[in-house]
Structure formats: C-alpha cells, structure tokens
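# Observations on the three-dimensional arrangement
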There are 2 protein chains.
Amino acid sequence: MTVSFNDVQEAAERIKPYVHRTPILTNESLNQKVNAKVFLKCENLQKVGAFKFRGACNAVFSLTNGDAKHGVCTHSSGNHAQAIALAARMRGIPAYIVMPSNAPQVKKNAVAGYGGQITLCEPTLEARENSLDRIRLDTGATVLHPYNNEKVIAGQGTATLELLEEVPDLDAIIAPVGGGGLLSGTSIAALGIKKGIRIIGAEPENADDAFRSLQAGEIIPSVNPKSIADGLLSSLGSLTFPIIQKNAEQIVTASEQGVVDVMKFIWERAKIVIEPSAAVALAVLWEQKIDLRGLRVGVIISGGNVDLEKLPWN
Amino acid sequence: MTVSFNDVQEAAERIKPYVHRTPILTNESLNQKVNAKVFLKCENLQKVGAFKFRGACNAVFSLTNGDAKHGVCTHSSGNHAQAIALAARMRGIPAYIVMPSNAPQVKKNAVAGYGGQITLCEPTLEARENSLDRIRLDTGATVLHPYNNEKVIAGQGTATLELLEEVPDLDAIIAPVGGGGLLSGTSIAALGIKKGIRIIGAEPENADDAFRSLQAGEIIPSVNPKSIADGLLSSLGSLTFPIIQKNAEQIVTASEQGVVDVMKFIWERAKIVIEPSAAVALAVLWEQKIDLRGLRVGVIISGGNVDLEKLPWN
C-alpha cells in the first residue's frame, strides 16, 4: 500500500490551519426516505466548495521549500484547479493552471480569483499534457495530479477522520468515485479507525468505469462518458485502483434521474447546495441500489459547485 | 421586561433534546465583500428549515400536561405553522393549524406532513381569527402566537446562546425583524452574555414598520407590505416592541435587489440555501447600510424555505 493510515493522520495535522472543519448534518426526511440513519459530511461547505481542497492543501504544504518556490501546476477545468490555486496562494507560491480554451468563463474566473495563472490550450488531452509539460520545464513547478498522487489521496481521507471522530459508530461509508482519490482516502482513513466498516463507492451508471474495473480486475477506462455528475467522469488511476480493489466492498451505480431527484430533495429539505457528483453517493441509497436499511451510514458530500442559472429541474 | 436571560437559558435546556445545534459557518469571499468577519448562525439548517422551531418547541414543551393534552393551535401559512405541527407531534399532542384557503399547496402539504390538522378559511385576518377562536373553544387547545408570546421569544434566543458560546468575541449581531420575536430573543440572549454587544435589526425597505416604529416611539403597523422577504411582513407586537426599543441599537433596511443579490451570492459561495428573509440580515452589510467594517459580526440566518421552481434570478 502506497498510502497509509499514518499518512492520513499526518495530512490532518498539516492542513488543519487551512481547511474548514466541515459540519456533519442529519435530516429526518432523508432518513425516512432511505430507511437508514444518514450522516452527511458536508465537504460542499469546504473552502472552494469541495473536498478537493484537502488533497490540494496536503500536496502543496508537503513540498520542500526548495521545490515549493518554483510553484505547482496542474491541468484541470474543475474543482481541483481552484483548490490548487487557493492552496498555492496560501503558501505564497505560484500556481500554473492549464485549462481547455472552451472551459466555462465562470470556472476561469474562479481560478483567476484564487490567484491561479491560467494557460489556455486546445481542448484535447494531448494539448493539455503538452502545455503542462512545457510549463513544468520552463518554471520547475511540481505537477500535482488531481487523484493519482499519494499526498492528494491522504488529504482527501481527512474528511473521514473528522466524520468518525464525531460519529464513531458508523456501519458504512459511501463516497462518490471518479478518479478514485476521495474513495481511496476515505477507505484508508475509515479502515484505519474501524476495522470491518463497509466502504462503498458510488458512481453514475453513465460513467461506470470503476464498477467495470473492479469486475474485470483491471483498470477499464471510460470512453467519453456523459453524465450530469461531471466531477466523476475520470477513470481510476494506477494508485487508486489497487487501494479501492482492496478496501471497497463494492461500487454501486446511480441513474441520472436518481441523481437529479436526490439533489433537489437535499436542496429542499436539508437546505444545502450539493452538486450532481455529490448527489450520486445519496442516489444509490435513494434508488435502493444497495440495501443498508436500519444502518448508520456516513456519506461524503463531495462538493457544491453548481451553475445556479442552469439547474437540472428548470 | 417580560422575558429574561434566565428564560432563554431555561428554554435552551428544555428544547435541547428536540432541536439541532446548528453549525456556524464563515466564508472568506463574503468577508472580503462586506469588509467584516461574519459568522453565519445557520438556522436554515434547523428542523423545519427555520429558527421558528426553537420558539415553537419551547412553547409546546412548556405547557402543563393538563393544558397540553388539549393540543395547540395557531394561524399561519409559513414556517411557524410547520414548527408548531412538528413540536406538537414530538410531544404527542394535536396541533390545529388555520391556513388561508389560498396558501400554496406545498405549504399545506408540509404542515400535513408534520401531522398538523389543517382548517382552511377565507384569506382575511378576520376569518383566520374567527376560525382560530372556534377551534380553541371546541377543543380547549392553547393558542400559540408566532412572536407575541414569552415562551416563543425565549426559544428564539437560544440560537444566540449557541452562537456566543462558540464565538464569544463578537462585536455585533444582526437578525432580521418581522414580528420581532427573533430579534427580541436574540437581544435578550446576547446582552445577557455580553453587555454592550451591538444588536441590529434588518428589515426590507418595503416592509419597514419596525424602523418606523422605533423612530416614532410607538408601534406603526405595516399596511399591505410587499417584499420578496415574505417572512418579514408582520408588524411588531406588544411584547416585542418594548424589548426591541430597549435593546436594539437600530433597525436598518435593505432593498429588494440587495436581498436577491446576497441570497444568490450565499447559495453560490457558501453553498447553503437561504430564503429571502434570511438574506435581509446580510443585505444591510452588502449594501453598506450600516458601517461595521473590521468588526466581528454574528448574523442569524433565519431560514431556508424556498420554492426551487421559482427562484428570483430565473
């Protein structure tokens, strides 16, 4: 195993001054609907609106001073880009963010707002990787992958440390799975505290590469997946796949409609803004894709970044 | 004074088993925008989605067994009705709710969902009071006014006890004011803990009866006020007016546009669902209607009940 429980504990100490300790909410209507006692670990209320800030912070603050002074870089159009930009600003180092030229203006603004230096490129993986390579060679910046990175994985696990500290007697934890950084970190943290706790990954039916990879026993990448849960379109990485293979009981999938339904329900009843990718973890309960009736279930609400002008129920 | 700090402390003990201890959130973008350090006491995350549940709980659980067995009644089409219905269900007694026949179906469903027994009447104050009177005579139920009631006022103050327990060094607290129950309770709790803390009421320009009443030195009722902040249309009561007159530094008003702008900003950046009436308390900072620059300011986020199909920015 490349990431240990001790790594997660060290990450928690390292990032403590920078991250929010997010609240854990319960909701009676939700419990009745899904027949379980659900504890929502609200990483949508984390800085930059997503758990990604934990991993980014751990990676950025783990760098030696010598490495850090050259800055950090990544390619991303999502929450990871904002997380890296803010973490770098907190450390006082440059963050170079490669974004596809067709990324929404609101996302470019958000990265720039956190002080990230944006390089636009053609919207292909090749162009993104070439741009990133050039920046790395020009600046000496450290590349920080959004999930296939030990420090990032350890950082993501810190949400679960807090969850189990406040609610120790959980039977299961559900986390959404895209590239697998969150689910990997969650599993390492949870099993380090509580042997036998059930670790469940949740994924959109339309982007079920983790489900298929676990069935096949090898990484089966997604090919152009399309889902409203746009944070979960990545495929598992060489670091995250073996961790999930070892630690997760199963990967369960949710329908697009289930994701929208539970997202709206949570906004209406729990009064928090969650993004579709976060709703996936609740949708598998909502749609009874897994039977956890009567159990105490922690759910990592991964983020809350949504375009309020384009809500899926309008 | 009809409600004492001790009443608020007793209320806190009484309702503790039934209410959520709501989180207190901070948001760096908001702080930068308003030039202050703001602490959001999130009563939108309270049961029934509003602080009203605190007052309702305190009133319902303060009844003697002899009175309680006949039930409780009120007329309301808003959060108070749901709060009374749920508190009564928790005590195992009937709740009779008079609602105007033109109340939105979603609100009727919510009250019925909490076990409230609804009586519909013509949408006039006279018809509502007549219906309520009849129920009281028929059933012996205790009438619980939404704000002009000592137990309700004491209950509303408990949010501020929690706020100052976790963030003791506040310079000021802002609460929205409609009938004045929340602002009254807030002021009694805050001044009981911290002499000299500044108590500020926030109200829509379009429903500024509290502002005008304080200016005039007597209750000036609103006449058909129209504001998006539909929880703040009531006028001050005989109990709340003197408390606010004595304790509040001032009442500040916010524009309709300011309310919508700050509401959207909070959804987008703080990832919580707040209703227009809650946004009013932030809008007075946002619009610089009061100068609290550099201070530590507690804001009571009063509720989060919003129709997601009819958002003011769509």
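This part is about the overall build of chain A. Secondary structure assignment for chain A yields 14 helices and 10 strands. In terms of C-alpha radius of gyration, chain A reaches 18 Å, essentially the compact-globule figure of 20 Å for 314 residues. By principal-axis analysis of the C-alpha atoms, chain A measures approximately 55 × 45 × 40 Å. Every one of the 314 residues in chain A was classed for burial, and the buried ones make up 59%. Taking the contacts inside chain A whose residues are at least 6 apart along the sequence as the reference set, 73% of them involve residues at least 24 apart.

Before going further, it helps to examine the sheet that holds strand 1 (residues 24-25) of chain A. Residues and elements named next belong to chain A. Spatial ordering of the open sheet is given by 1-2-10-7-8-9, a layout of 6 strands whose pairing is mixed. Two strands in the sheet have a free side with no partner beyond their single neighbour: strand 1 and strand 9 (250-254). Inspection of the sheet shows strand 7 (residues 172-176) paired to strand 10 (residues 296-301) by 3 bridges, in the parallel sense. The partner of A172 across the bridge, within strand 10, is V297. Relative to the sheet, helix 14 (residues 276-286) contacts strand 2 (37-42), strand 7, strand 8 (198-204), strand 9 and strand 10, its axis offset from that of strand 7 by approximately 135°.

Residue and element names in this part refer to chain B. Mapped onto the fold, S235 is located in the loop between helix 11 (209-216) and helix 12 (240-247). Separated by 2.9 Å, the side chain of S235 and the backbone nitrogen of S222 make a polar contact. Leaving out residues up to four positions away in the same chain, S235 has contacts with Y147, G178, G179, D209, P221 and S222.

This part is about the packing of aromatic side chains. This structure, assessed with the given rule, holds 7 aromatic pairs over all chains. Within the aromatic cluster, the residues linked to one another by ring pairs are W267(A), W313(A), W267(B) and W313(B). Between K33(A) and the ring centre of W286(A), over which it is positioned, the NZ or CZ distance is 4.7 Å.

Residue and element names in this part refer to chain B. Direction vectors running N to C along helix 10 (residues 181-193) and helix 12 enclose 45°, while the axes themselves pass 9 Å from each other. In terms of orientation, helix 10 and helix 12 fall into the oblique class. Here helix 10 runs over helix 12; the crossing is left-handed. Within the contact between the two elements, helix 10 uses G181, L183, S184, S187, I188 and L191 and helix 12 uses T240, I243, I244 and N247.

Okay, unusual backbone geometry next. All names here are of chain A. The phi torsion at V48 lies on the positive side, around 55°, for a residue other than glycine. One can find V48 in the loop between strand 2 and helix 3 (52-62). V48 sits in the buried class, given a relative accessible area of 6%.

So, on to the domain arrangement of chain A. Residues and elements named next belong to chain A. You can read the domains of chain A as domain 1 (5-51 + 150-301) and domain 2 (53-143). Here the C-alpha centroids of domain 1 and domain 2 sit 25 Å apart. Listed per partner, the contact involves 24 residues of domain 1 and 15 residues of domain 2. Summing the contributions of domain 1 and of domain 2, the shared interface buries around 1,600 Å²; its carbon and sulfur component is 61%. At the junction of domain 1 and domain 2, the tally comes to 2 salt bridges. Among the salt bridges present, the one from E43 reaches R54, with a minimum N-O distance of 2.7 Å. Residue assignment for the side of domain 1 that touches domain 2 shows that the elements contributing at least two residues are helix 1 (5-15), helix 8 (150-156) and helix 9 (158-166). For the side of domain 1 that touches domain 2, the element with the highest residue contribution is helix 8, accounting for 5 residues. Its residues assigned to classes, the side of domain 1 that touches domain 2 shows 10 nonpolar, 6 polar and 8 charged.

Right, let's talk about the nonpolar core for a bit. The biggest cluster of nonpolar side chains holds 90 residues, and the ones touching the most others in it are I174(A), W267(A), I174(B) and W267(B). Setting aside chain neighbours within four positions, we find I174(B) in contact with I200(B), A202(B), A281(B), V284(B), L285(B), L292(B), V297(B), G298(B), V299(B) and I300(B).

This brings us to the pairing of strand 10 of chain A. Residues and elements named next belong to chain A. Most of strand 10 is tucked away, with 5 of its 6 residues classed as buried. The sheet contact formed by strand 2 and strand 10 spans 6 bridges and is parallel. Each bridged residue has a counterpart across the sheet, and for K37 the counterpart in strand 10 is R296.

Right, let's get into the relation of the copies chain B and chain A. Laying chain B over chain A is done by rotating through 180° and shifting 0.0 Å along the axis; what remains is an RMSD of 0.0 Å. Such values leave the two copies arranged in the relation of a two-fold axis. Closest approach to the rotation axis among the C-alpha atoms of chain B is made by I272(B), whose C-alpha sits 2.2 Å away. The residues that chain B uses at the interface reappear at the interface of chain A in 100% of cases, marking a shared surface.

This next bit is on the interface of chain B and chain A. Facing 23 residues of chain B, the contacting portion of chain A comprises 23 residues. When chain B packs against chain A, the two sides together hide about 1,900 Å² of surface, and 54% of this comes from carbon and sulfur. Per-residue buried area on chain B facing chain A is highest for K271(B), L308(B) and E309(B); these three make up 33% of the total on that side. The tally of links from chain B across to chain A stands at 2 salt bridges. In this structure, E309(B) engages K264(A) in a salt bridge whose closest nitrogen and oxygen atoms are separated by 2.3 Å. Considering each element in turn, the side of chain B that touches chain A owes the most residues, 5 residues, to helix 13 (residues 256-270) of chain B.

Considering all chains together, one arrives at 26 salt bridges over all chains under this definition. Of the charged contacts in the structure, one is a salt bridge between R136(B) and D133(B), with a shortest N-O distance of 3.2 Å. With R136(B) and D133(B) both in helix 7 (residues 125-139) and 3 residues apart, the pair spans about one turn of that helix. By relative accessible area, which is 34% here, R136(B) ends up partly exposed. When salt bridges with common partners are traced through the structure, they connect K41(A), E43(A), R54(A) and E162(A) into a single cluster.

Let us now look at the sheet that holds strand 5 (residues 117-121) of chain A. Residue and element names in this part refer to chain A. One open sheet accounts for 4 strands, arranged 5-4-3-6; its pairing is parallel. Both edges of this open sheet fall to strand 5 and strand 6 (142-143), since each of them pairs with a single strand only. Relative to the sheet, helix 6 (residues 105-113) contacts strand 4 (95-100) and strand 5, its axis offset from that of strand 4 by approximately 175°.

On to the side chain of T253(A), then. On the secondary structure map, T253(A) appears in strand 9. When residues no more than four places from it in sequence are discounted, the contact partners of T253(A) are E203(A), P204(A), E205(A), D208(A), F211(A), V284(A) and K289(A).

Residue and element names in this part refer to chain B. Relative to the assigned elements, I24 resides in strand 1 (residues 24-25). Judged by its relative accessible area of 18%, I24 falls in the buried class. Along the sequence, I24 and I301 sit 277 residues apart, while their C-alpha atoms lie 9.7 Å from each other. If we skip the residues at most four places from it in the chain, I24 touches F39, L40, K41, E162, L163, E166 and V167.

About the thresholds
- Residues numbered from 1 in each chain as written.
- Chains lettered and ligands numbered in written order.
- Predicted model: local features only at pLDDT ≥ 70, side-chain atom pairs only at ≥ 80, totals over all residues.
- Heavy atoms only, no water.
- Helix = DSSP H or I, 4+ residues; strand = E, 2+ residues; numbered from the N terminus.
- Rg over C-alpha atoms; globule rule 2.2 N^0.38 Å.
- Buried < 20%, exposed > 50% of the residue type's maximum accessible area, 1.4 Å probe, protein only.
- Contact = heavy atoms within 4.5 Å.
- Pairing = 2+ DSSP bridges.
- Axes fitted to C-alpha atoms, helices over the stretch in contact; angles between N-to-C directions.
- Polar contact = N/O pair within 3.5 Å; in protein donor to acceptor, adjacent residues only side chain to side chain.
- Phe/Tyr/Trp six-rings, centres within 6.5 Å; stacked < 30°, edge-to-face > 60°.
- Lys NZ or Arg CZ within 6 Å of the ring centre and 35° of its normal.
- Parallel < 35°, antiparallel > 145°, perpendicular 65-115°, else oblique.
- Left-handed = near helix turned anticlockwise from the far one by under 90°.
- Domains from an automatic or database assignment.
- Buried area = accessible area lost by both parts, 1.4 Å probe.
- Salt bridge = Lys/Arg side-chain N within 4 Å of Asp/Glu carboxyl O.
- Nonpolar A, V, L, I, M, F, W, Y, C, P; charged D, E, K, R; others polar.
- Core = buried A, V, L, I, M, F, W, Y, C linked by side-chain atoms within 4.5 Å.
- Least-squares fit on C-alpha atoms with pLDDT ≥ 70 in both.

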